[in-house]
Amino acid sequence: MRAPQSPARSPFVGSRLPEFREGPYCGAGSQPAYCRDWCETCPAYVRIWVEGVVLTSRERWLAAVRMAPVDRLPFWPKLDGSYARMQRAPFSDMDTDALHNWMGSDKHVGLSDCVVERRKRTSLDVVEEDGTRRTFFTAPAGRLELVEVFDGPSRSWHPVAHPVASVDDVALMTEWYEDITPELDMDGLAKARARAASVGEGGVTAMGIGTSALMHWVEFLAGIENAHYLLIEHPALVAGLFDAMHRVTLRRAEIACEHHPADLLYMVENTSTTLISPRQYRDLCYGHIRAYAEAARDAGRLLILHMCGHLKALLPDLATLAVAGFEAFTSPPVGNTSFMDGRRACPETCLIGGTNAVLWTKSAEAIIAEIEASLDALPHHRGLVVTSAGVMPPLCAPETIKAVGDWVKTYPVRM
């Protein structure tokens, strides 16, 4: 790995952090102080760039998310459970953790949930059979059904029939959500703590809180076409459902912020203006996300928004949210944002991604060239994590991923 640069070749160019970032960094006095302007007496700067300390993967991840100095850029290829089995030996015999070790990844490890949803009058039942998963939402007024089909190559479930198709369905789903009381799940919490302890400094840990009402509505409850039809024709009715959904998600966020051991908390949004409009985001989603962000900020937690679609038209709104980072920040042609787009619009937010699935089907040299061009254009490299953005396509060989990762680790960062 490239050694830290000497003070004579300092990568340090100055920074400002918003007040909600964790501190202290300046070390002045006995009271915690939030860093306002990086200086070359900053302990974080001195530790890395003068003393030559190499950060652990967990330290490197957290420093990047907090917009703090890093010894090098973190690198995380997002491998899912299907990746290994679509490779040749010996990689096909490795589990995901072993693959990350071989590739030299800065690991990002998901932890189990710590919230259980209690109900009195309603129920949730899931039945899987022959590659079909049926989820039943039962309330006194009736029952709705979500049907998903399993896709073998991607090892993922895809909705083929949505539960909400009419005004009556909206009312029934509202009744179903209003019956939910989120509570702390002690068994889930114990499992999460044990897993976090096993990960240690070997990676950053994460937990998904849930999805905002608008995005869950479009993706899983009504489907794109019917979701917009009902929003236009029956806005008040759908707004009532969104209020019920938001109450549940906000309480889940509060419980997670108070108890969960994960380093990073996620809202799994999949936001994209290919699914919703910027106005819909502002009117129907922004306020909910702001509430989750404020809950995390007040609890001193780091909240990340997973948004893997087209975001450029939303960046002015996203810049005003008190979140630590945007994950799966995807470049064209899959997404429509670059690291430069994100840094210009959101100068105090960590950007996690910077590439796209199509790019990762090319040669290591082509991938490196595109990443290098995007990094060279930036004013500094604080608050960046280079990843595959979306899930790594299995067409990308492990050797290619490792070659790119090795290059990322030697890139001369400017802090």
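About the criteria used
- Residues numbered from 1 in each chain as written.
- Predicted model: local features only at pLDDT ≥ 70, side-chain atom pairs only at ≥ 80, totals over all residues.
- Heavy atoms only, no water.
- Helix = DSSP H or I, 4+ residues; strand = E, 2+ residues; numbered from the N terminus.
- Buried < 20%, exposed > 50% of the residue type's maximum accessible area, 1.4 Å probe, protein only.
- Contact = heavy atoms within 4.5 Å.
- Areas by Shrake-Rupley, 256 points an atom, 1.4 Å probe, with all protein chains shown as cover.
- Polar contact = N/O pair within 3.5 Å; in protein donor to acceptor, adjacent residues only side chain to side chain.
- Pairing = 2+ DSSP bridges.
- Phe/Tyr/Trp six-rings, centres within 6.5 Å; stacked < 30°, edge-to-face > 60°.
- Lys NZ or Arg CZ within 6 Å of the ring centre and 35° of its normal.
- Axes fitted to C-alpha atoms, helices over the stretch in contact; angles between N-to-C directions.
- Parallel < 35°, antiparallel > 145°, perpendicular 65-115°, else oblique.
- Nonpolar A, V, L, I, M, F, W, Y, C, P; charged D, E, K, R; others polar.
- Expected span 1.5 Å × (residues − 1).
- Arc of directions from axis to C-beta.
- Core = buried A, V, L, I, M, F, W, Y, C linked by side-chain atoms within 4.5 Å.

A. Spotlight on the overall build of the protein chain. A count of helices and strands for the protein chain gives 13 helices and 14 strands. Residues counted as buried form 51% of the 415 residues belonging to the protein chain. Sequence separation of 24 or more characterises 72% of the internal contacts of the protein chain that already satisfy a separation of 6 or more. Accessible area of the protein chain: about 17,500 Å², with a carbon and sulfur share of 53%.

B. Representation of the side chain of Asp106 within the structure. For Asp106, the position within the fold is in the loop between helix 3 (96-103) and strand 2 (107-110). Of the polar contacts made by the side chain of Asp106, one reaches the side chain of Arg60; its length is 2.8 Å. A distance of 2.9 Å separates a polar atom in the side chain of Asp106 from a polar atom in the side chain of Arg72. Ignoring any residue separated from it by four or fewer positions in sequence, one finds Asp106 in contact with Ser57, Arg60, Trp61, Arg72, Leu73, Pro74, Phe75 and Trp76.

C. Representation of the sheet that holds strand 2 within the structure. Read across the sheet, eight strands follow the order 1-14-13-12-11-10-9-2 without closing on themselves; strand pairing throughout is parallel. A single partner strand is all that each edge strand has here, and the edge strands are strand 1 (75-76) and strand 2.

D. Quick peek at the packing of aromatic side chains. Evaluation of the coordinates by the stated rule reveals nine aromatic pairs. Summarising the aromatic geometry, the rings of Phe91 and Trp102 are spaced 4.8 Å apart at their centres and angled 70 degrees between planes, so their arrangement reads as edge-to-face. Remark: Trp102 occurs in helix 3 and Phe91 occurs in the loop between strand 1 and helix 3; sequence separation between them is 11 residues. Residue Trp102 is classed as partly exposed on the basis of its relative accessible area, which comes to 32%. On the numbers, 5.0 Å between centres and 85 degrees between planes, the contact of Trp176 with Tyr177 is edge-to-face. As far as burial versus exposure is concerned, Trp176 and Tyr177 are alike and both buried. Joined through ring pairs, the aromatic side chains of Phe137, Trp176 and Tyr177 make up one cluster. A cation over a ring is seen here: Lys402 above Trp102, with NZ or CZ 5.9 Å from the ring centre.

E. Here's a closer look at the packing of helix 6 (residues 213-221) against helix 7 (residues 224-233). Helix 7 packs onto helix 6 with a crossing angle of 130 degrees between their chain directions and a minimal axis gap of 7 Å. Here helix 6 lies oblique to helix 7, going by the angle between them. Residues Leu214, Trp217 and Val218 of helix 6 touch helix 7, and the partners they reach there are Ile224, Ala227, Leu230 and Leu231. Residues belonging to the contact of helix 6 with helix 7 are distributed by class as follows: seven nonpolar, no polar and no charged.

F. Broad picture of helix 5 (residues 186-199). Relative to the 20 Å expected for 14 residues at 1.5 Å per residue, helix 5 spans 20 Å between its end C-alpha atoms, a close match to the ideal helical length. Of all the positions in helix 5, only Gly188, Leu189, Ala192, Ala196 and Val199 are classed as buried. The arc that holds every buried residue of helix 5, seen down its axis, measures 100 degrees, which confines them to one face. Exposed and oriented more than 90 degrees from the buried face of helix 5 are Met186, Asp187, Lys191 and Ala197.

G. Representation of the nonpolar core in the model. Among the nonpolar cores identified, the biggest contains 109 residues, and Tyr177, Trp217 and Leu264 are the most heavily contacted of them. No other element matches helix 8 (residues 235-259), which puts nine residues into this core. Non-local contacts of Trp217, meaning those with residues more than four positions away in its chain, are made with Val164, Val170, Ala222, Gly223, Ala227, Leu230, Leu231, Val238, Leu241 and Phe242.

H. Main features of the sheet that holds strand 7 (residues 156-161). Across the sheet, which stays open at both edges, the four strands sit in the order 4-5-6-7 with antiparallel pairing between neighbours. The sheet is open, and its two edges are formed by strand 4 (123-129) and strand 7, each paired on a single side. Sheet twist, expressed as the average angle between the axes of neighbouring strands with direction ignored, equals 25 degrees. As paired elements, strand 6 (residues 142-151) and strand 7 share five bridges and run antiparallel to each other. Counterpart to Glu148 in the pairing with strand 7 is Pro159. Helix 4 (residues 167-178) contacts strand 4, strand 5 (132-139) and strand 6 of the sheet and is inclined by roughly 80 degrees relative to strand 5.

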